[in-house]
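# A closer look at the structure
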Amino acid sequence: MAEAHTPRPGAKAPARERGILVIGLGRFGSAIASTLAGLGQEVLAVERDPELVAQWSGRVALVEADATNPEALEQLGARDYPVAVVGVGSHLEASVLITANLVDLGIPQIWAKAVSQEHARILDRIGAHHVVRPESEAGERVAHLVSGKLIDYIQVEDGFTIVKMRPPRELEGFTLAQAHVRSKYGVTVIGVKSPGLDFRYAAPDTRISVSDTIIVAGHPDLLDRFSRRP
């Protein structure tokens, strides 16, 4: 792992064909950087707080620099990264400036953390390609999980969600064709996991048992209604 360093004036990192730039090593940014590094991804973290730099030095490749300064980003070769993550969220001005700098550099994919709906709207308007609100999204996900039969909940896009859940009693012992799940509830069972067996994609003749776990896709409102079936 590369140790922390401050870019020298005029110094520029060599061009990179792939890699992920993570700016900000708070809880969100450090979790992303360390997980990506553990997955074998090429990651460069950027942090201006000396204490965080010292904490993460040797654990992830990082540079001590102020990403609100476009010249600092140029010096460390930020424009050569195809993906950048802005983990700075609590300081609105810094978050916006960093994201705007990355947009100006033409980074193909910019992921940015927002702490409020208004913050997310600003980041979206200035050109962030993906805006995430981890606290809000985690809260929504847990709320869905504790309210019914759901085991896992993933919102892919507005209007489309995938859940893992226990099957309602009315499906038990019937094939999907017999249960008419889609015509009755507007959702689609896309997979089934039975105890001791591998996951299998669902087909009309797939029979559901009481011990199965099913993977269902559809609109979140319809999924919520379906998950509340006894």
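These lines cover the structure that appears in this document, whether it is placed above or below. The shown structure was predicted, so the numbers you read here are calculated from the model rather than taken from an experiment. (Residues numbered from 1 in each chain as written. Predicted model: local features only at pLDDT ≥ 70, side-chain atom pairs only at ≥ 80, totals over all residues. Heavy atoms only, no water.)

## Points about the overall build of the protein chain
When its secondary structure is counted, the protein chain shows nine helices and eleven strands. Looking at the protein chain residue by residue over its 230 residues, the buried ones come to 40%. Long-range contacts, defined here as pairs at least 24 residues apart, represent 57% of the contacts in the protein chain between residues at least 6 apart. Carbon and sulfur atoms make up 53% of the accessible area of the protein chain, which totals about 12600 Å². (Helix = DSSP H or I, 4+ residues; strand = E, 2+ residues; numbered from the N terminus. Buried < 20%, exposed > 50% of the residue type's maximum accessible area, 1.4 Å probe, protein only. Contact = heavy atoms within 4.5 Å. Areas by Shrake-Rupley, 256 points an atom, 1.4 Å probe, with all protein chains shown as cover.)

## Re the pairing of strand S8 (residues 160-165)
Of the two faces of S8, the one lined by Thr161, Val163 and Met165 is fully buried and the one lined by Phe160, Ile162 and Lys164 carries no buried residue. Note that S8 and strand S11 (residues 213-218) share five bridges and pair antiparallel. Across the sheet, Lys164 pairs through a bridge with Ile215, a residue of S11. (Pairing = 2+ DSSP bridges.)

## Let's talk about the packing of aromatic side chains
Summed over the entire model, instances satisfying the criterion amount to two aromatic pairs. Taking 5.2 Å as the distance between ring centres and 50° as the angle between the ring planes, the aromatic pair formed by Tyr185 and Phe226 counts as tilted. Note that Tyr185 is positioned in helix H8 (residues 181-185) and Phe226 in helix H9 (residues 220-227), a separation of 41 residues in sequence. Between Phe199 and Tyr201 the ring centres are 5.4 Å apart and the planes differ by 80°, which places this aromatic pair in the edge-to-face class. On the basis of relative accessible area, Tyr201 is assigned to the exposed category, the value being 69%. (Phe/Tyr/Trp six-rings, centres within 6.5 Å; stacked < 30°, edge-to-face > 60°.)

## Considerations on the nonpolar core
Formed by 27 residues in total, the largest nonpolar core has its most connected members in Leu21, Ile23, Leu73, Leu76 and Leu102. Among the elements of the structure, strand S1 (20-23), strand S2 (43-47), helix H3 (70-75), strand S4 (83-86), helix H4 (92-105), strand S5 (109-113) and helix H5 (117-126) are those that each provide at least two residues to this core. The element best represented in this core is H4, accounting for four residues. Residues in contact with Leu73, not counting those within four places in the same chain, are Ile23, Ala67, Ala78, Asn101, Leu102 and Leu105. Counting residues in hydrophobic clusters, the runner-up holds 17 residues, among them Met165, Ala179, Val181 and Ile208. (Core = buried A, V, L, I, M, F, W, Y, C linked by side-chain atoms within 4.5 Å.)

## Some points on the sheet that holds S1
Ordered in space as S3-S2-S1-S4-S5-S6, the six strands form an open sheet in which the pairing is parallel. Here the strands that pair on one side only, and so sit at the sheet edges, are strand S3 (62-64) and strand S6 (130-132). Strand-to-strand, the axes of this sheet are offset by a mean angle of 15°, without reference to chain direction. Pairing of S1 with S4 involves four bridges; the strand directions are parallel. From the neighbouring strand, Val22 faces S4, where its bridge partner is Val85. The sheet contacts of helix H1 (residues 27-38) involve S1, S2, S4, S5 and S6, and relative to S1 the element is tilted by about 155°. (Axes fitted to C-alpha atoms, helices over the stretch in contact; angles between N-to-C directions.)

## Brief notes about the side chain of Thr68
Summarising the element assignment, Thr68 is placed in the loop between S3 and H3. Note on Thr68: relative accessible area 18%, which makes it buried. A polar side-chain atom of Thr68 sits 2.6 Å from a polar atom in the side chain of Asp66. If near-sequence neighbours (up to four positions away) are discounted, Thr68 is found in contact with Arg48, Ala94, Leu97, Ile98 and Asn101. (Polar contact = N/O pair within 3.5 Å; in protein donor to acceptor, adjacent residues only side chain to side chain.)

## Things to note about H1
Taking 1.5 Å per residue, twelve residues should reach 16 Å; H1 reaches 16 Å between its end C-alpha atoms and fits that length. Inspection of H1 places Phe28, Gly29, Ser30, Ala33 and Leu36 among the buried residues, and these make up the whole buried set. Backbone geometry just after H1 places Gly40 at a positive phi near 85°. (Expected span 1.5 Å × (residues − 1).)

## Some thoughts on a nonpolar patch on the surface
Nonpolar side chains collect at one region of the surface, where Ile154, Val156 and Phe160 lie side by side and expose about 250 Å² of accessible area between them. Residue placement: Phe160 occurs in strand S8. Residue Phe160 is classed as partly exposed on the basis of its relative accessible area, which comes to 35%. (Patch = residues over 30% accessible without salt bridge, like charges linked within 9 Å, V, L, I, M, F, W, Y side chains within 5 Å. Salt bridge = Lys/Arg side-chain N within 4 Å of Asp/Glu carboxyl O.)

Just distances and angles here, no functional claims.
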